[in-house]
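What the coordinates show
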Amino acid sequence: MNAKRSYAILLFLSANHALRAEKVLLDSGIACKLIPVPKDISSECGICVRILKTETQKSVAELTNHKLLVTKCINI
Amino acid sequence: MTNLIKKIYFDNAATSWPKPDCVVQAVTDFTQNIGSNPGRSGHSASVKSGRIVYAARESIARLFNFADPLRVIFTSNITEALNLALKGLLKSGDHVITSSMEHNSMMRPMRQLEKHGIEMTVVNCEQNGCLDPADLSRSVKSTTKMIALNHASNVTGTLLPIHEVGKICTDYGLLFLVDTAQTAGAFPIDMEEDHIDLLAFTGHKSLYGLSGTGGLIIGDRVDVENFLPLKEGGTGSRSEEEFQPIFLPDKFESGTLNFTGLAALNASVNWVRDTGIENIRRHETELTKHLLSGLKSIPKIKLYGPINENFQTATVSFNLNNLLPSETGLILDEKFNILCRIGLHCAPAAHKTVGTFPTGTVRFGLGYFNSKAEINQAIKALEAIS
């Protein structure tokens, strides 16, 4: 991980949704990575999507267009 | 498909064989290199597994022109998918309409529901299995909630007019459930154009995947909130709660999925897409025409169904009028190494419609990997038997 970059993580209802979110974002040209939900965050599924913090708004808009609910968005 | 055994396999309507090489490879790759439970852990192998299962959802959704892969529910087979749709959505006082050409995977759950206050109308088809959509319209009443049909009979291969019935459902505001066991992968099916609300599919027939896979695609018009799951349990989501999640697909997918089978299904659906459904259908139509022509040349054979390759799948039912189906099947197997299915094919209503109940028929279920040479051999065998 590049320490100079700021990231955000997006949480979803389930791993199924996180997997779809990864595909939707990548198809939209938004770089992202599936990672285990950090231990200190109350999780709704085992995995979440990490994105660049600067792409948060764009990512959430894209996911919403695909009927995906982002349950939490946390800067890390 | 290398090293084919010399047997002639004409039982593709029960399950397709052989499978494309990529399907076998997908199982091997998954088992040797991934093998993890999708959606249950956060480690890299679980994520890889999850991606493959998700890819299978996308492949299936794309195949049927459906936008949302998360509304593709995987089940252990199409029977479970049909049970889910019927028992999950129909309530006491509801009326459901079906045809007289259905498999018991449709009939039996409906008959069970009848005991719980659901009214059922079975619309009679013609003796060749064809259905007049107007007969369905005449059966619609104020309490009708759903029309549930197979796309094609597993006995005679007769195609049912799902596009026209889909329109009727839209006009009357009814849910349309389609059993695509005999057609998914061999015929173009479009959930939007055909107005299908609930599409049940199996993985191991014309989609050329493995047994233990199937599913139900839930269209946007279906009220998911009032749709009961067949089972509750672990989903890998909302683990802190003792109540079933309400979101899809988790609501309907309790317990570990057949992820190895779904890896195979993803490969097989991609193979179907790359091969081209039109090409598969064209080849099977040619084979069916060739088979029908050969069978018609044998005087002692009685054919059932449309007896026209354009109005049926690559499944053909017949009897040799001096032999029971079981006798014909045994001779074909033991003397000629030709494997087919005989009897009632789990579809007593269809046989009553056709006029072959309770004896049944001999059924040749052709598939993409069959050849005209194999059909020629079978015709010669039947000529010898007759």
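If you're wondering where the values come from, they're calculated on a predicted model, not measured in any experiment.

Bringing helix H6 (residues 162-172) of chain B into the picture now. In an α-helix, one turn spans 3.6 residues, which is why side chains three or four residues apart end up on the same side. Residues and elements named next belong to chain B. Within the sequence span of H6, burial applies to Ile162, Val165, Gly166, Ile168 and Cys169. The buried residues of H6 occupy an angular sector of 160° when the element is viewed end-on, so they sit on one face. Against helix H5 (133-139), strand E5 (144-150) and strand E6 (175-179) lie the buried residues of H6. Immediately downstream of H6, the backbone of Gly173 shows phi near 70°, a positive value.

A few words on the sheet that holds strand E4 (residues 72-75) of chain A. Hydrogen bonds between backbone atoms are what pair the strands of a sheet, whose relative direction is either parallel or antiparallel. All names here are of chain A. If you trace the four strands from one edge of the open sheet to the other, you get E2-E3-E1-E4, paired in antiparallel fashion. Strands with a single pairing partner mark the edges of an open sheet, and in this sheet they are strand E2 (32-36) and E4. Between one strand axis and the next, the sheet turns by 30° as a mean value, whatever way the strands run. Sheet analysis places E2 next to strand E3 (residues 47-52), joined by five bridges and oriented antiparallel. Within E3, the residue paired with Pro36 across the bridge is Ile47.

The next point concerns the domain arrangement of chain B. It is common to report an interface's size as the accessible area lost on association of the parts. Residue and element names in this part refer to chain B. For chain B, the assigned domains read domain 1 (8-18 + 276-385) and domain 2 (21-275). Between domain 1 and domain 2, the residue contacts involve 37 residues of the former and 32 residues of the latter. Between domain 1 and domain 2 lies a buried interface of about 2700 Å² when both sides are counted; carbon and sulfur atoms form 58% of it. Among the residues domain 1 hides against domain 2, the three largest losses belong to Ile277, Thr313 and Thr353. Together they make up 21% of the total. Our count for the contact surface shared by domain 1 and domain 2 stands at zero salt bridges.

The next subject is the sheet that holds E5 of chain B. Residue and element names in this part refer to chain B. Spatial ordering of the open sheet is given by E2-E8-E7-E6-E5-E3-E4, a layout of seven strands whose pairing is mixed. Here the strands that pair on one side only, and so sit at the sheet edges, are strand E2 (72-75) and strand E4 (119-123). Put simply, the sheet's adjacent strands are angled 20° from each other on average, direction ignored. On top of the sheet, helix H2 (residues 44-63) reaches E2, strand E7 (198-202) and strand E8 (214-218); it is set at about 115° to E2, its chief contact. Against the sheet, H6 contacts E5 and E6, and its axis sits at roughly 160° relative to E6.

Turning our eyes to something else, we now look at the pairing of strand E13 (residues 361-365) of chain B. Looking down a regular strand, the side chains alternate between one sheet face and the other. Residue and element names in this part refer to chain B. Counting buried positions along E13 yields five of five residues, so the element is predominantly enclosed. Residues Thr361, Arg363 and Gly365 of E13 are buried on one face, and the alternating residues Val362 and Phe364, pointing to the opposite face, are buried as well. Judged from the four bridges that link them, strand E10 (residues 315-320) and E13 form a sheet pairing that is antiparallel. Bridging from a neighbouring strand, Val316 pairs with Phe364 of E13. Note that strand E12 (residues 341-343) and E13 share three bridges and pair antiparallel. Along E13, the bridge assignment pairs Ile342 with Val362.

What follows concerns the pattern of salt bridges. In the structure shown here, the tally under the stated rule is 17 salt bridges over all chains. Residue Arg51 of chain B is joined to Glu22 of chain A by a salt bridge in which the shortest nitrogen-to-oxygen separation is 2.6 Å. Of this pair, Arg51 of chain B sits in helix H2 while Glu22 of chain A sits in helix H1 (residues 15-27), on two different chains. Accessibility expressed as a relative area gives 7% for Glu22 of chain A, which makes it buried. Asp27 of chain A is paired through a salt bridge with Lys23 of chain A; the nearest N and O atoms lie 3.2 Å apart. Highlighted residues: Asp27 of chain A and Lys23 of chain A, both in helix H1, separated by four residues, approximately one helical turn.

Turning to the nonpolar core, a few remarks are in order. Residue and element names in this part refer to chain B. In this structure, Ile60, Phe64, Phe74, Ile147, Phe176, Phe201 and Ile217 are the most contacted members of the largest nonpolar core, which totals 51 residues. Here this core gets seven residues from one element, more than from any other, and that element is helix H7 (residues 259-275). Lining this core are residues from two domains, each supplying at least three of them: domain 1 (8-18 + 276-385) and domain 2 (21-275). Phe176 has contacts with Ile147, Leu149, Ile162, Val165, Gly166, Cys169, Asp194, His195, Ile196, Asp197 and Leu198, leaving out every residue within four places of it along the chain. Formed by 31 residues, the second largest nonpolar core is a distinct cluster that contains Met107, Leu113, Ile118 and Leu216.

Calculation notes
Residues numbered from 1 in each chain as written. Chains lettered and ligands numbered in written order. Predicted model: local features only at pLDDT ≥ 70, side-chain atom pairs only at ≥ 80, totals over all residues. Heavy atoms only, no water. Buried < 20%, exposed > 50% of the residue type's maximum accessible area, 1.4 Å probe, protein only. Helix = DSSP H or I, 4+ residues; strand = E, 2+ residues; numbered from the N terminus. Arc of directions from axis to C-beta. Contact = heavy atoms within 4.5 Å. Pairing = 2+ DSSP bridges. Axes fitted to C-alpha atoms, helices over the stretch in contact; angles between N-to-C directions. Domains from an automatic or database assignment. Buried area = accessible area lost by both parts, 1.4 Å probe. Salt bridge = Lys/Arg side-chain N within 4 Å of Asp/Glu carboxyl O. Core = buried A, V, L, I, M, F, W, Y, C linked by side-chain atoms within 4.5 Å.

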